[in-house]
Structures are given as C-alpha cells and as structure tokens.
There are 2 protein chains.
Amino acid sequence: MTALALLQETLGALVDVRPDALEEARADRSGHAAMGRPLVVVHAETVEHVQQTMRIASATRTPVVVRGAGTGLAGAANAGEGEIVLSMRRMSAILEVRPDDLLAVVEPGILNADLNDQLAAHGVWWAPDPASRDISTVGGNIATGAGGLLCAKYGVVRDAVLGVDLVLADGRLMRLGHRSVKGVTGLDLTSLVIGSEGTLGVVVGATLKLRRLVPGDVCTVTATFPGVRAAAAASAAVTAAGVQPAIMELMDAASLAAVHALLGLPAPAPGAAQLTIRTDGPAAATEADTIAQVLRAHEGATTVSHDREEGERLLAIRRSMHAAMASLGTTLIEDVSVPRSAMPAMFDEIARIERDFGLTIPTVAHAGDGNLHPNFIFEGSETPAHVWAAADELFRAAIRLGGTLTGEHGIGVLKRRWLADELGEDQWQLQRQIAAVFDPLGILNPGKVFEPDA
Amino acid sequence: MTALALLQETLGALVDVRPDALEEARADRSGHAAMGRPLVVVHAETVEHVQQTMRIASATRTPVVVRGAGTGLAGAANAGEGEIVLSMRRMSAILEVRPDDLLAVVEPGILNADLNDQLAAHGVWWAPDPASRDISTVGGNIATGAGGLLCAKYGVVRDAVLGVDLVLADGRLMRLGHRSVKGVTGLDLTSLVIGSEGTLGVVVGATLKLRRLVPGDVCTVTATFPGVRAAAAASAAVTAAGVQPAIMELMDAASLAAVHALLGLPAPAPGAAQLTIRTDGPAAATEADTIAQVLRAHEGATTVSHDREEGERLLAIRRSMHAAMASLGTTLIEDVSVPRSAMPAMFDEIARIERDFGLTIPTVAHAGDGNLHPNFIFEGSETPAHVWAAADELFRAAIRLGGTLTGEHGIGVLKRRWLADELGEDQWQLQRQIAAVFDPLGILNPGKVFEPDA
C-alpha cells in the first residue's frame, strides 16, 4: 500500500487531502514556497497519532515535514512534492501549570500568546516573545530556538525549556530532560533538539521553565538620532553602562519612514533613526533615567514615559514593521546577530552593501542583544539574484564580526547555502552525522538546514 | 612505536611519567580511584599540544582521560591502566575580556576563582560558582555542567557559555558557538559538549557569557527549624512567594551538628535544621524582610543581617560541610535534584532510607533549585555494598519525584550504573551513538558516563 493509503486506513478523518490544505502547507511567512505539492496533511490530535504517522513514513520512506502555524521566516516548515505534512496545531493543550515549581507542561500546537494569556492567571509567564507571538506556536518556537524582543533581559527559548518529549523518525517516543531546574545526567539532548528545525524528531510535548510576572512599573524611553550609526553607538553605550533594558529596539531611517507612512504619522526627519527602550521591575524608573542620560550624551533627542499605555503606543511603531515592509513589496527578512559592540560596524557594512548593490535595506534591530533584521524588498515571489548576492555579503560581514547567520529565525531552506561557511566543513559534516543518528533514513525534513549533496 | 614513545618524541618535556604524577591522576575528590596506573601525563600548554596528543592517541588507539584540577566528585577524570592523562592545568590564560559585550575568552585550565578575581577589575563576573570554585577549573566546570550556590538566581554553566573550541578524538579543532548573545545556526553543539564529561572531545577554549557585578547590598537571613521537613517546606514557600534569593542553603540536623563540632561552635538543638539565605541587588533589604516573614510563618527562628561580613561568617558554616564530612570518615557525596515543591517529599525519602538501612545521611541542599547533597559516610576507601544499595534507593526516589540522578556533579563512573534507569534504554543507546559520532574509536574517556557493554 502507498503511504497515503496506509495513513487513511490508520488515521481516517485526520488525513486531509483537500487541495487548499496542501497548497497552504507549501509556504510560510518567508514568502518562499516549496516545489510541488505535498501528499497529505495529517492533523495529529494525540502522541499516538504522531507515532502512527512516523511508523508509516518510516515503513514507506516518505519524507515528513512537521508544521505548526506556518509562521516561520526561513522556509523550514514548507512541504513539497510527495511529502507528508504532520500538523501539530490540534495538539494545543496545557497539561499542567505549577507556579510553585515555575514550570508548565504543554502540547506543541498552542500559540505563544494563548499560553501566556492562560499562564497570567497563575502569576507566571513564559519569557520567549518572538514578534510573531500572537500567531506562532510553542512547538515552532522550540523548533527554531526563537528569541524576541525581551530576550536580552529574559532569555531565549533555549533558556526556557526543561525537557521535550520527542517522537523519533521510527515512531518511538523519548522523554528528554526533566522537571528539576538542575540536571546533568548524560548528554543534553533537550538543548540539541531546540533549534533543530524538525530534523531530529517531532516535539510532541514540552516542559517549560516559567518566570513570575514582573512586579512594578514599566517605563519607556524613546530617542531620535541624526543617523543609524549614532543610534547603534548609543544602544551599545546603554549596555556598556550596566543597565539592563527589558526591550531595546532600534529602527533605521528607512524603517521609521515606512512605518510612519503606513500609520499616517508625520514623516520623521530625513535620515533620523530611533531607539525605543523599555525598563521594568522595581528599578524601572531609575534605570529609565540612567538610560535617558546615556542617550542624551550620544546626541539622542530623548523622552521618558512612565505611562504603560503610552509605552505600548510607542512600541506599536516598532511592531508595525512587518506590515510596513509588506506594503512596499515582497520582503526577505534577514536575521544576522553580532556582538553588541559590533553593531555600529554592522550598520556600516549594511550601508556599504546598500551602496554597492544600489539597494535600500530597511533595518530594525533587537539592539540589546545585537540581533539585526535587515529587510530586502522586491517585486514578485522569487528572490532576485542580486538580492541574494547582497544577502551573501551581509552574512559574510556578520560572521567576520564574530556573529552568526541567524539569531532567531533559523536556517530552513533559505540559508542552508551559507551554513558550512559559518560552521566550517568539518562541523557541518559532524552535524549531519548527528542528525543521521536520530533519522537514519533521512525522512525528517530532508533538505532543510543541511543542503542535500550535489 | 608505542604511544608513550611517540608522545615523548613529539612532546618532549611535556610528557610526565613520574610515579607520583601517575598515581595522583588515578583519583578525584570522590575518593574513588581507577584500577591500575595511567601510562603518562601530558601537560599540554597549547592547542597544538592537545592536537598532537590526540593524533597519537588515535593512531595507537590509546584511551585519553582529560583532566583539570581533579576536583570531580563522580570519578569522571580518574585515569587507569594504559590510559593517557591529558592535563589542561597549564592552559590557564584569559585571552580576552570584553565588558561591553559581557564576554571573556579563556583557556580551560584557569581556576574558577582566579578567573573571577581577574574579571572583578573589569566590573564583571562569571556566575557559575560550584562549592569547589577555589580549586576547580573552568574546563572542569564545563565538562560537568557545574552548578553551585548562586544558580537559582544566576544560572548554571549551561546558561553561561557562548562557545567552546573542541579538539576531536582525531586531533581536528572545531569552533562551536559564537560571540553573539543570540544564534541558532545549525545544531547547538556547544550545549551538547557542556556536561559531556570528556566523552566528546577536549575543550581547549571557551567563550564565556559574563554578568555585570551586582550593585547594592547583601542581606543574609538565617532561620532554625525544629526539623528538616519544616525547613524544606519553608524554603519551598520562599520560592512560591515570588522572591528570588541569590543563595538559599539548607542544612539538616546531622550536617549542622557535624559542622558546629568541627568549628568548635555550641551544639545546635537536637534535630534542628537551618536555612541560610542571601539576597542581593537593589531590592536586597526588601526581599530579606519578605523572606523573614515567610520563614517565621513556617516555624523558623529567624534573624536578618545587613552586614556583608557577618553574612560571610554565617555562610562559612555551610561552606565547611565538606571538611566536616571528611572529619567523620570517607564520604560519598550524592547529588540528586528534584522539582522545588518535591523537596519535603525527598527529605521524607531520605529519612525512610536512613531507617531502612540503619544509616545517618547528613544532607545539605541548594534549596532554591531543589538540588540535594546527601552524604554517605563509611570507613576505608571502597564504598560498601549496603551504601550503594541505599544510594540506589535514593536515586530511584529522585527520579520518581520528577528529578534526576545528578544536578551538578555528573555521572562519571560512580553513577553510570543508573544512567539507563533515568534515560530509558532507547535514549541511552541514542546517546551512545551520538558520542560515537564524535569518537568513533572510543578513545575519549571510555567507561565514563556510559557503562561498557557487559
């Protein structure tokens, strides 16, 4: 029997072959779509459904693409010709919340924002907050090792997961990690799975490390600078001054102008870049004052707000970035990350690439942790060759500055070409061999992260 | 040529065959010693020396035991018959400190305390603080995934390493991780190496994630309780109350009595257990008051000190635990970890094991993170069978309560028998296969972590 027939026999109504469901699974929010159309979407509702699917996939050697909400930005969950899409969206329960132990056990298909809405009643939260938090799943956050706006102060996914339940390619279930805060028993496979983008197994459950809701005030500092380099230098100075903002977002002139246009706000001064900084906790007001002093010493026209709602309005400008870019054309959102002190140099490199390629590259940055999102805008659905050439320069510059190709979006298909440039050939081979231990038949998300052999 | 002859030819005076050097490398601070005597100690001074050693080891299929200061508590760095000891103690340089990027690049042989002494001048520190910090190396801390007293608030080694340079079994050098705070490029091999106890490669360098020195006060709260269960419940209540102590140490009656005797202090009331809690940072005094209220509501006779030196004197009682145990006999220090709310239940299990086996098991705990150190005391150098039987009960109880065999000491040789009980047979096999990808000849610390096939 074919994989499809076996799936239908075993999983009945969970097996979806509607053309629009298949079509939807080809693409994510990167704009990139896989070649051809997947075979089937399986809507798993239990761990057993996942195991059954993987057993059939192994028996028939059919590739499997695990998918959450499809909000990825690197094409890692895009499914193409002949592939099984294993959708985790229906597995969205919170199985346990323990405020006393600061942990929760959840299924992977729950949306990040839904989880946090429900946790708030217990006085706790899960810190990872990708900009996509309203629409992305916890399982997807784990698969990409997501970050977000708050991570300079509150950490990334890797800091916030105690254990994962993983279904292997052959359908076996494995429980990795533990419920205790500390634990060094054997190799840390939990950390290995985080950010592995569907290449090692299917995450069917997670034990999350929570934080208590932060008491006290929220203050918001905004500052406008004559140029992006000054803004970057000011943000590095904030970090160097020893204060720890909860959020520190930088917008360059092109980003700021695009968002102002989208929101119908008055146009900013030509060339002006902006920092939006939030402090929280008991020392929020003191820290905001210290930060304002640093910014003013760095040419920043600075205001401090102690009003929570006003702060939300100010941050809404930053949060409208994706919409503003989408209004300009198709967007390739990049995601390089560098040491914080290298941010001004990285902006110099972006300016150089803009000149060399005759492009405008609107860029925002999580400035508190050196993670930049340069945006390439173009017409149509295919990324043009000269944009990839410019991105190639961008990646090489980030690696040269001690940074990395991707701070939080992952490699997927869009960046696999550059993976060996960062890892080196030896480490690239070693990583492939490790993936093969989990997936000897090569049916888990083949062609993602690791480029297939030529 | 033999491995020894090749090493002598290649590395000359770095090759040490003095009987006392060989003898010393057989044991660590666990009291356990390997069978037989190693072949040679190589005192590596450069990465190239490490690579040369590994090339010779691979060519001659000679096992290699990497060793720092020999302060391990699970026998992981103990070298026996026919093995090469690769000592990293001479590679102890700090190569770079970047307070602005909150990172340092170091060689592995530097002592934790020496590193922090030198970092203090830059206003930064490396948070992991195992009780052995004065005598243990950063490389050893990484190899075990060490914790310490401060980790409930400031994290463990896994939270504090951005990258490691690793020499593989065949002598190739691989740079894992990066200098940026964020990064999700490929599989997280840095986390995989942390806590791998010398089974994956030789850590020859590390990029450490630093913190800024904590400004403000230090307060110390001590409380005495009628029994250990009450103390454990009180410490769980502190966590549940939402305050975050920097240190929260629990001593049971037997521990407290032994330390008081060693230090010549008046004997504590029979059965009395103690909590010693430190708060730090801008909210230290407020937090100390909140904690004192919680403790008093849980039968604790409580005092608060705002004096830093007085606080050090109070913590010195806890820090004298190892010496106090050593004065009673040979000590097997155990290291189970459980969810914080399960601490009272874990103390009940310890009391049951004491009754069932007719033993006294003095126990201290890092109560802020649920990590307990029960101590088994006996005569002579071999752990008696009934002590192992009691430890077996202890391990199974911890796993049953959602915890783990080892919170921060590692598996080494002493706990490898129980590894599959915690991981399950499938995961145990998978972990061995992953280790084999790094070390196909099986020459890296063979017999450690993973029990050899029968």
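Residues numbered from 1 in each chain as written. Chains lettered and ligands numbered in written order. Predicted model: local features only at pLDDT ≥ 70, side-chain atom pairs only at ≥ 80, totals over all residues. Heavy atoms only, no water.

Student: Hey, could you go over the sheet that holds strand 9 (residues 173–177) of chain A for me, with residue numbers and the actual values?
Tutor: Residue and element names in this part refer to chain A. Spatially, five strands are ordered 5-6-10-8-9 in an open sheet, and the strand pairing comes out antiparallel. What marks the edges here is a single partner per strand, and that holds for strand 5 (94–98) and strand 9. When strand polarity is set aside, the average angle formed by the axes of neighbouring strands in this sheet is 10°. Bridging between strand 8 (residues 161–167) and strand 10 (residues 202–209) involves six bridges; their strand directions are antiparallel. Within strand 10, the residue paired with Val161 across the bridge is Leu208. (Pairing = 2+ DSSP bridges. Helix = DSSP H or I, 4+ residues; strand = E, 2+ residues; numbered from the N terminus. Axes fitted to C-alpha atoms, helices over the stretch in contact; angles between N-to-C directions.)

Student: Give me the lowdown on the side chain of Asp165 of chain A, citing residues and values where you can.
Tutor: Residues and elements named next belong to chain A. Mapped onto the elements of the fold, Asp165 is located in strand 8. There is a polar contact of 2.8 Å between the side chain of Asp165 and the side chain of Arg175. Residues within four places of Asp165 in sequence aside, it is in contact with Leu173, Met174, Arg175, Val202, Val203, Val204 and Gly205. (Polar contact = N/O pair within 3.5 Å; in protein donor to acceptor, adjacent residues only side chain to side chain. Contact = heavy atoms within 4.5 Å.)

Student: A description of the sheet that holds strand 15 (residues 301–305) of chain A should follow, citing residues and the corresponding values.
Tutor: Residues and elements named next belong to chain A. On the basis of which strands lie adjacent, the open sheet formed by seven strands has the order 15-12-14-13-17-18-16 and antiparallel pairing. Every other strand in the sheet has two partners, leaving strand 15 and strand 16 (330–333) as the edge strands with one partner each. Averaged over all pairs of adjacent strands, the angle between strand axes in this sheet comes to 15°, irrespective of strand direction. The sheet contact formed by strand 17 (residues 363–366) and strand 18 (residues 371–378) spans four bridges and is antiparallel.

Student: Mind laying out the relation of the copies chain A and chain B, listing which residues take part and the relevant values?
Tutor: Between chain A and chain B, which share one sequence, the superposing operator has a rotation angle of 180° and an axial displacement of 0.0 Å; the RMSD is 0.0 Å. These values place the two chain copies in the arrangement generated by a two-fold rotation axis. When the interface residues of chain A are mapped onto chain B, 100% of them again fall at the interface, so both copies present the same face. (Least-squares fit on C-alpha atoms with pLDDT ≥ 70 in both.)

Student: Run through the side chain of Arg318 of chain A, naming residues and quoting values.
Tutor: Residues and elements named next belong to chain A. Examined against the element boundaries, Arg318 turns out to sit in helix 11 (residues 308–319). Given the relative accessible area of 5%, Arg318 is considered buried. Apart from the residues within four sequence positions on either side, Arg318 is in contact with Glu249, Met251, Val364, His366 and His373. (Buried < 20%, exposed > 50% of the residue type's maximum accessible area, 1.4 Å probe, protein only.)

Student: An account of the domain arrangement of chain A is requested, with residue identities and associated values reported.
Tutor: Residue and element names in this part refer to chain A. You can read the domains of chain A as domain 1 (3–87), domain 2 (94–212) and domain 3 (217–400). Between the C-alpha centres of domain 2 and domain 3 the distance comes to 28 Å. When domain 2 packs against domain 3, close to 870 Å² is buried across both sides, 57% of that on carbon and sulfur atoms. Of all residues in domain 2, the largest losses of buried area upon contact with domain 3 belong to Leu149, Ala152 and Lys153, amounting jointly to 67% of the total for that side. Applying the counting rule to domain 2 against domain 3 returns one salt bridge. The residue Lys153 makes a salt bridge to Asp280 at a minimum N-O spacing of 2.7 Å. Where domain 2 touches domain 3, the interface holds two residue pairs in polar contact (both at pLDDT 80 or more). Taken together, the residues of the side of domain 2 that touches domain 3 break down into six nonpolar, one polar and one charged. (Domains from an automatic or database assignment. Buried area = accessible area lost by both parts, 1.4 Å probe. Salt bridge = Lys/Arg side-chain N within 4 Å of Asp/Glu carboxyl O. Nonpolar A, V, L, I, M, F, W, Y, C, P; charged D, E, K, R; others polar.)

Student: So what's going on with the pattern of salt bridges? Which residues, and what values?
Tutor: This structure, assessed with the given rule, holds 54 salt bridges over all chains. The salt bridge involving Arg18 of chain A is made with Asp16 of chain A; its shortest N-O contact spans 2.7 Å. With relative accessibility at 46%, the residue Arg18 of chain A sits in the partly exposed group. Given the relative accessible area of 7%, Asp16 of chain A is considered buried. As a salt-bridge pair, Arg229 of chain B and Asp348 of chain B come within 2.9 Å of each other at their nearest N and O atoms. In this pair, Arg229 of chain B is assigned in helix 8 (residues 228–240) and Asp348 of chain B in helix 13 (residues 343–357), connecting sequence segments 119 residues apart. Here the salt bridges do not stand alone but share partners, grouping Glu349, Arg352, Asp356, Glu393 and Arg400 of chain A into one network.

Student: Any details on empty space enclosed by the protein? Residues and values, ideally.
Tutor: Residues and elements named next belong to chain A. Counted according to the given criterion, the structure contains one cavity of 30 Å³ or more. For the lining of the largest cavity, the element with the highest residue contribution is strand 13 (residues 247–251), accounting for three residues. Residues that form the lining of the largest cavity fall into these classes: seven nonpolar, three polar and two charged. (1 Å grid on protein atoms, 1.4 Å probe; cavity = no way out; pocket = protein on both sides within 12 Å on 5 of 7 lines; lining within 4 Å. Points joined across faces, edges and corners; volume = space filled by probe spheres on them.)

Student: Explain the interface of chain A and chain B residue by residue, including any values.
Tutor: Counting from both sides, the interface comprises 71 residues of chain A and, opposite them, 71 residues of chain B. When the buried surface of chain A facing chain B is broken down by residue, Lys182, Val184 and Leu187 of chain A rank first, second and third, together holding 16% of it. The interface formed by chain A and chain B includes eight salt bridges. Note that Asp369 of chain B is salt-bridged to Lys182 of chain A, the shortest N-O span being 3.4 Å. Residue assignment for the side of chain A that touches chain B shows that the elements contributing at least two residues are strand 9, helix 7 (189–193), helix 8 (228–240), helix 15 (419–423) and helix 16 (425–438) of chain A.

Student: Before we move on, can you summarise the packing of aromatic side chains with the specific residues and values?
Tutor: One pass over the structure, following the stated rule, counts eight aromatic pairs over all chains. Ring geometry for Trp388 of chain A against Trp418 of chain A: centres 5.5 Å apart, planes inclined by 35°, an arrangement best described as tilted. Linking Trp388 of chain A in helix 14 (residues 385–400) with Trp418 of chain A in the loop between helix 14 and helix 15, this pair joins segments that are 30 residues apart in sequence. In this structure Trp418 of chain A comes out as buried when scored by relative accessible area, which is 3%. Taking the centre distance of 6.3 Å and the plane angle of 70° together, the rings of Trp428 of chain B and Phe450 of chain B count as edge-to-face. Residue Trp428 of chain B is found in helix 16 (residues 425–438), and its partner Phe450 of chain B is found in the segment after helix 16; the two are separated by 22 residues along the sequence. In this pair, the class of Trp428 of chain B matches that of Phe450 of chain B, namely buried. Among the aromatic residues, ring-to-ring pairing joins Trp388, Phe395 and Trp418 of chain A into one connected group. In this structure, Arg417 of chain A packs its charged tip against the face of Trp388 of chain A, placed 5.3 Å from the ring centre. (Phe/Tyr/Trp six-rings, centres within 6.5 Å; stacked < 30°, edge-to-face > 60°. Lys NZ or Arg CZ within 6 Å of the ring centre and 35° of its normal.)

Student: I'd like a description of the pairing of strand 8 of chain A, backed by residues and values.
Tutor: All names here are of chain A. Counting buried residues along strand 8, seven of its seven residues qualify, which places the element largely inside the surrounding structure. Here strand 8 pairs with strand 9 via five bridges, running antiparallel. Directly across from Val167, in strand 9, lies its bridge partner Leu173. Remark: five residues form the turn of the hairpin made by strand 8 and strand 9, two consecutive strands paired antiparallel; Gly171 in that turn has positive phi of roughly 95°.

Student: Mind laying out the environment of Asp100 of chain A, listing which residues take part and the relevant values?
Tutor: Here Asp100 of chain A lies in the loop between strand 5 and strand 6 (103–106). Not counting residues within four places of it along the chain, the set of residues in contact with Asp100 of chain A comprises Thr239, Ala240, Arg340 and Ser341 of chain B. Looking at Asp100 of chain A, its side chain comes within polar contact range of the side chain of Arg98 of chain A, at 2.9 Å.

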